Amino acid sequence: MTKLQLTEIRNYLLSKKLPIDILIEVNDHFVSQISDLQREENLSYEDAFEKVKTRWNFEFIMVRKNFFSSKKIPKIIYEINKTQNINNFKKSFYIVLSFIALEFITAKLFPENIYLLILSLLFIVIAIYPLRMISLYIKQQRLLFENKRKNPIINNFIHPLLSFVIGFSLDQMMHYPKNTKHLIYDFINFGADEKVSTAMFVSNLFFGIIILTFYVYAFLSLEKNVKKLEKYNQFVL
């Protein structure tokens, strides 16, 4: 395949608004499939190129990025992002369940003072979370600007900051008992009483898992976007 033909393929894929990382991968598929058609079906480069373009037409249809955005992206990017979002939500949920399980085990195995000490240390880590979120978001926007010629498409099914706000808002609407730090410890060790009923404990646990899942998802989305954008620096147009 000539240099001119390779340039034509690359320019065609650039016209489809593919981000540079996906473009390079798809470009390899195009070159390989065109070469296979020329060899196996004895087609000219032009005919093989048109046939491969037809095969890929569906992947390049422009669709809405997500329910919350009017921006349109190629179908192939939408499918990649959808898979990543599902994986992010699953990972966030599993992380939260692990955290809750750790809290249950700690409440059961350790005396109250040790339990509260461990919980306080965890709260300190959680308190740093909003600052880390802001730092990641600023870095993401800077990398987007630096790589704007490479058609960067970040994966925000729910904007990470919106996800954080949703989690924070739900947290503020929750009706916690005044002695929140002792909620799990008291229930695990002493059962339900007039202060903490079973219904209250279950509802707080359920909504707590939802809130924390939104928080973790927001962080994972931003972190993945930043890592993806950092890799863009190795691609030269």
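Residues numbered from 1 in each chain as written. Predicted model: local features only at pLDDT ≥ 70, side-chain atom pairs only at ≥ 80, totals over all residues. Heavy atoms only, no water.

J.: Run through a positive patch on the surface, naming residues and quoting values.
T.: Residues Lys91, Lys224, Lys227 and Lys231 make up a contiguous surface patch of positive charge. The biggest single contributor to the positive patch is helix H8 (residues 198-231), with 3 residues. Position of Lys231 among the secondary structure elements: in helix H8. (Patch = residues over 30% accessible without salt bridge, like charges linked within 9 Å, V, L, I, M, F, W, Y side chains within 5 Å. Areas by Shrake-Rupley, 256 points an atom, 1.4 Å probe, with all protein chains shown as cover. Salt bridge = Lys/Arg side-chain N within 4 Å of Asp/Glu carboxyl O. Lys, Arg positive; Asp, Glu negative; His and termini not counted. Charge placed at Lys NZ, Arg CZ, Asp CG, Glu CD. Helix = DSSP H or I, 4+ residues; strand = E, 2+ residues; numbered from the N terminus.)

J.: Which residues make up the environment of Phe89, and what are the values?
T.: Structurally, the position occupied by Phe89 is in helix H4 (residues 75-109). Taking C-alpha positions, Phe89 is 9.0 Å from Leu220, a pair spaced 131 residues apart along the chain.

J.: Can you break down helix H5 (residues 112-146) residue by residue, with the values?
T.: Over its 35 residues, H5 runs 51 Å from end to end, which matches the ideal 51 Å to within 8%, given 1.5 Å per residue. The largest bend along H5 measures about 30° and falls at Pro130. If you check which residues of H5 are buried, you get Tyr115, Leu116, Leu119, Tyr129, Met133, Leu136, Gln140, Leu143 and Leu144. (Expected span 1.5 Å × (residues − 1). Bend = angle between axes of the 7 residues up to and from the residue. Buried < 20%, exposed > 50% of the residue type's maximum accessible area, 1.4 Å probe, protein only.)

J.: Give me empty space enclosed by the protein: which residues, what numbers.
T.: Taken as a whole and assessed by the stated rule, the structure comprises 1 cavity of 30 Å³ or more. Estimated volume of the largest cavity: approximately 40 Å³. In terms of lining, the largest cavity is formed by Leu102, Glu103, Thr106, Tyr115, Ile118, Leu119 and Leu122. Contributing elements (two or more residues each) for the lining of the largest cavity: H4 and H5. (1 Å grid on protein atoms, 1.4 Å probe; cavity = no way out; pocket = protein on both sides within 12 Å on 5 of 7 lines; lining within 4 Å. Points joined across faces, edges and corners; volume = space filled by probe spheres on them.)

J.: Lay out the confidence of the model for the chain in plain terms, naming residues and giving numbers.
T.: With 83% of its residues at a pLDDT of 70 or more, the chain has an overall mean of 82. Across the chain, element-level confidence peaks in helix H3 (residues 45-56) with a mean pLDDT of 93 and bottoms out in helix H6 (residues 160-173) with 63. (pLDDT = per-residue confidence, 0-100.)

J.: Which residues make up the packing of H4 against helix H7 (residues 183-190), and what are the values?
T.: As a packed pair, H4 and H7 sit with axes 9 Å apart at the nearest point and diverge in direction by 60°. On the basis of their axis angle, the class for H4 and H7 is oblique. Pair H4 / H7 crosses with right-handed handedness. Touching Glu103, Phe104, Ala107 and Lys108 of H4 are Ile184, Tyr185, Ile188 and Asn189, all from H7. Split into classes, the residues belonging to the contact of H4 with H7 amount to 5 nonpolar, 1 polar and 2 charged. (Axes fitted to C-alpha atoms, helices over the stretch in contact; angles between N-to-C directions. Parallel < 35°, antiparallel > 145°, perpendicular 65-115°, else oblique. Left-handed = near helix turned anticlockwise from the far one by under 90°. Contact = heavy atoms within 4.5 Å. Nonpolar A, V, L, I, M, F, W, Y, C, P; charged D, E, K, R; others polar.)

J.: I'd like to hear about the packing of aromatic side chains, residue by residue, with values.
T.: Given two aromatic rings, their pairing is described by the distance between the two centres and the angle made by the two planes. On inspection of all chains with the given rule, the structure shows 11 aromatic pairs. Taking the centre distance of 5.9 Å and the plane angle of 45° together, the rings of Tyr12 and Phe30 count as tilted. Here Phe30 lies in helix H2 (residues 20-40) and Tyr12 lies in helix H1 (residues 3-15), a separation of 18 residues in the sequence. Summarising the burial analysis for this pair, Tyr12 and Phe30 share the class buried. Relative to Phe49, the ring of Tyr12 has its centre 5.7 Å away and its plane inclined at 85°; by these criteria the two rings are edge-to-face. Of the two residues, Tyr12 is situated in helix H1 and Phe49 in helix H3; the sequence distance between them amounts to 37 residues. Looking at Tyr12, the relative accessible area reads 15%, which means it is buried. Ring pairs connect the aromatic residues Tyr12, Phe30, Tyr45, Phe49, Trp56 and Phe60, which therefore count as one cluster. Above the plane of the ring of Tyr12 lies Lys53, whose end atom (NZ or CZ) is 5.0 Å from the centre. A cation sits over an aromatic face here: Lys53 above Phe49, 4.6 Å from the ring centre. (Phe/Tyr/Trp six-rings, centres within 6.5 Å; stacked < 30°, edge-to-face > 60°. Lys NZ or Arg CZ within 6 Å of the ring centre and 35° of its normal.)

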